[in-house]
Amino acid sequence: MNDHEVIVADRPLRECNQDIRDGIDRGLAVRVIDTRSRHNLGIGLPSGARIHFEGSVGYYCGGLNNGASIRVSRNAGWAAGEAMASGDITIDGYAGVSLGASMRGGLIHVKGDAGPRCGVAMKGGDIIVEGKIGYLSGFMAHAGRIIALGGADEACADSLWGGEVWVAGPIASLGVDSKTEEPADDEIQEIETLLATRGLDDASRAWQKIVSAQRLWHFESRDASAWLMI
Amino acid sequence: MHAQRHRGADSTGFALYGEPLDTGYIVRAMVAHRHELSQVLELFLDLLRAHGSDFLADPSWDEATTDHVSVRMVIREPNSLGDWIRQVDEHSDRIEVQSVGRSLEIVKDLGGAIEVAEKHRVHDFIGTHGLGHARMATESEVSPTASHPFWARPFADVAIVHNGQITDYFTWRARLERKGYRFMTGNDSELLAVWISDRMSQGETQDDALIRSLTEIDGVFTFLYSTLDRLGFAKDRWAIKPLVAVIGEQSLSIATEEQAVRTVHLDEIEVVNFDGPSLTRTWQTNVSLDRAA
């Protein structure tokens, strides 16, 4: 079956997204070309949709994903996959700030690095980053897993409420109210099984599992000085 | 800049660096009321002569129908740029100087990038580098003079564009005013330009002053600061404000959003995302710079 091709260039965004939906409605795989790092491409796509952005995309690509399989062959700007419910997003290059912000389910897989605040406020689902996750990654996440194979920048898992951040490689520093925990063998097995679905399993990794220290769960204003970073 | 118009475009401005004069300054100014233009220029000339200066060429101005008029003048160097501009600024309700420099020319106005560029013939300008800014005002007024870029009064050839909010603005403004600096707007971006220039006037390099700003200035910001021969940026410790660049051997394109630099570079090319916290960098500008927005 032929693909449905969508050219973005400098066309109005609404027209591009409508064009994408037309291809999906016809049951076709969608190829999006000349993307020029434009924002808000491929938002709220339904289950069963297959879409390939052949270039870099701007902010919020794949946001509110509802089951589509999305691939970006270069970089994604800020907040790719924001608030997604299900489906998967694969980014072959770098993912910008706030990747998967507030996501509730599904999988995001980044082959390069991810910027600051990766998985900020996430409520579920999995983020796999083959490179490094940026400053403040996992900030205020409630649930879900962030798995970084190439280390983490400063303030990793800052103010983590729930969920887990798994890091193989060096962690520049932990953020406030997070702690490393010795992972059990069956937990490691679960992570490696997930990674195997992406061809990334490697039994030799030294994992650090970071969870909430849970002291901020009972925040009192008289303790504020313990949390201030300035 | 047009590619970033969705961020707001109540006003737009350009800081353009042309071939530097060997002697004298180019002055860009806004006259408040067109019907007063000739009287205001006479007043301006009197103030120049009182400070050992004069016009080196006839002034020129836009022929638009707006009440405010953008004027370009070439002047002999006043005996003291600081003393002269302080006196001129006493008449800022009638004429507000927007830039002074051997090379720098700031033009700014109400409206979007295309409109302002056409009105002020920005496309005809030839130079080494420039800053541009499309503004969505958040905390200070919208007017032709309140838009970016800002000149760092009274430092010749220094301009700034800024995306952010400085939360200790009033504290720093009071300190700088006690040192004799004057501000024409209530805009925190104007403060940043003077803050960096003040540090440099005390012997710091541009790089060192930018690094110092990360810890001494509170707020979220990314700003570009330019002199005649060096362009740099600083980005706050919280990594809040975006910045991307395409860095070539002989060119630099730098902007808030990747899609802006991609209007210059249509092909998929290497884009540097300055996404991390506490970042600064400067570049020499005596090579050709193609865009900065």
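The model shown is predicted, which means the values in this text are computed figures rather than measured ones.

Undergrad: Sorry, what's going on with helix α1 (residues 13–25) of chain A here?
TA: Each full turn of the α-helix corresponds to 3.6 residues, which orients residues three or four apart in the same direction. Residues and elements named next belong to chain A. With 13 residues, α1 extends 18 Å between its outermost C-alpha atoms, agreeing within 8% with the 18 Å of an ideal straight helix rising 1.5 Å per residue. For α1, the elements touching its buried residues are β1 (4–7), β2 (30–33) and β3 (50–53). At the exit of α1 stands G27, carrying a positive phi of roughly 75°.

Undergrad: Even after reading the chapter, I still don't get the pairing of strand β9 (residues 164–168) of chain A, so can you show me in this structure?
TA: Residues in a regular strand point their side chains to alternate faces of the sheet. Residues and elements named next belong to chain A. Summarising burial for β9: four of the five residues are buried, a large majority. Here strand β8 (residues 143–148) pairs with β9 via four bridges, running parallel. From the neighbouring strand, I147 faces β9, where its bridge partner is W166.

Undergrad: Any chance you could explain the layout of surface pockets here in plain terms?
TA: The gaps of empty space that remain are located by a probe, the size of a water molecule, rolled over the atoms. Residue and element names in this part refer to chain B. As a volume, the second largest pocket reaches approximately 680 Å³. Taken together, 35 residues form the lining of the second largest pocket, with H133, M136, H162, N163 and G164 sitting closest to its centre. Among the elements of the structure, β7 (127–135), β9 (159–166), α4 (169–178), α5 (188–201) and β10 (219–226) are those that each provide at least two residues to the lining of the second largest pocket. A total of six residues in the lining of the second largest pocket trace back to one element, the largest contributor, which is β9. Of the residues contributing to the lining of the second largest pocket, the split by class is 14 nonpolar, 16 polar and five charged.

Undergrad: What is the right way to look at the packing of aromatic side chains in this model?
TA: Any pair of aromatic rings gets described here by the distance separating the centres and the angle formed by the planes. Under the definition given, this model contains twelve aromatic pairs over all chains. Note on A:W166 and A:W207: the rings are 5.8 Å apart at their centroids and 80° apart in plane angle, and the pair reads as edge-to-face. Of this pair, A:W166 sits in strand β9 while A:W207 sits in strand β11 (residues 207–212), and the two are 41 residues apart along the sequence. Between B:R175 and the ring centre of B:W172, over which it is positioned, the NZ or CZ distance is 4.3 Å.

Calculation criteria
Residues numbered from 1 in each chain as written. Chains lettered and ligands numbered in written order. Predicted model: local features only at pLDDT ≥ 70, side-chain atom pairs only at ≥ 80, totals over all residues. Heavy atoms only, no water. Helix = DSSP H or I, 4+ residues; strand = E, 2+ residues; numbered from the N terminus. Expected span 1.5 Å × (residues − 1). Contact = heavy atoms within 4.5 Å. Buried < 20%, exposed > 50% of the residue type's maximum accessible area, 1.4 Å probe, protein only. Pairing = 2+ DSSP bridges. 1 Å grid on protein atoms, 1.4 Å probe; cavity = no way out; pocket = protein on both sides within 12 Å on 5 of 7 lines; lining within 4 Å. Points joined across faces, edges and corners; volume = space filled by probe spheres on them. Nonpolar A, V, L, I, M, F, W, Y, C, P; charged D, E, K, R; others polar. Phe/Tyr/Trp six-rings, centres within 6.5 Å; stacked < 30°, edge-to-face > 60°. Lys NZ or Arg CZ within 6 Å of the ring centre and 35° of its normal.

Coordinates in, geometry out; function isn't part of it.
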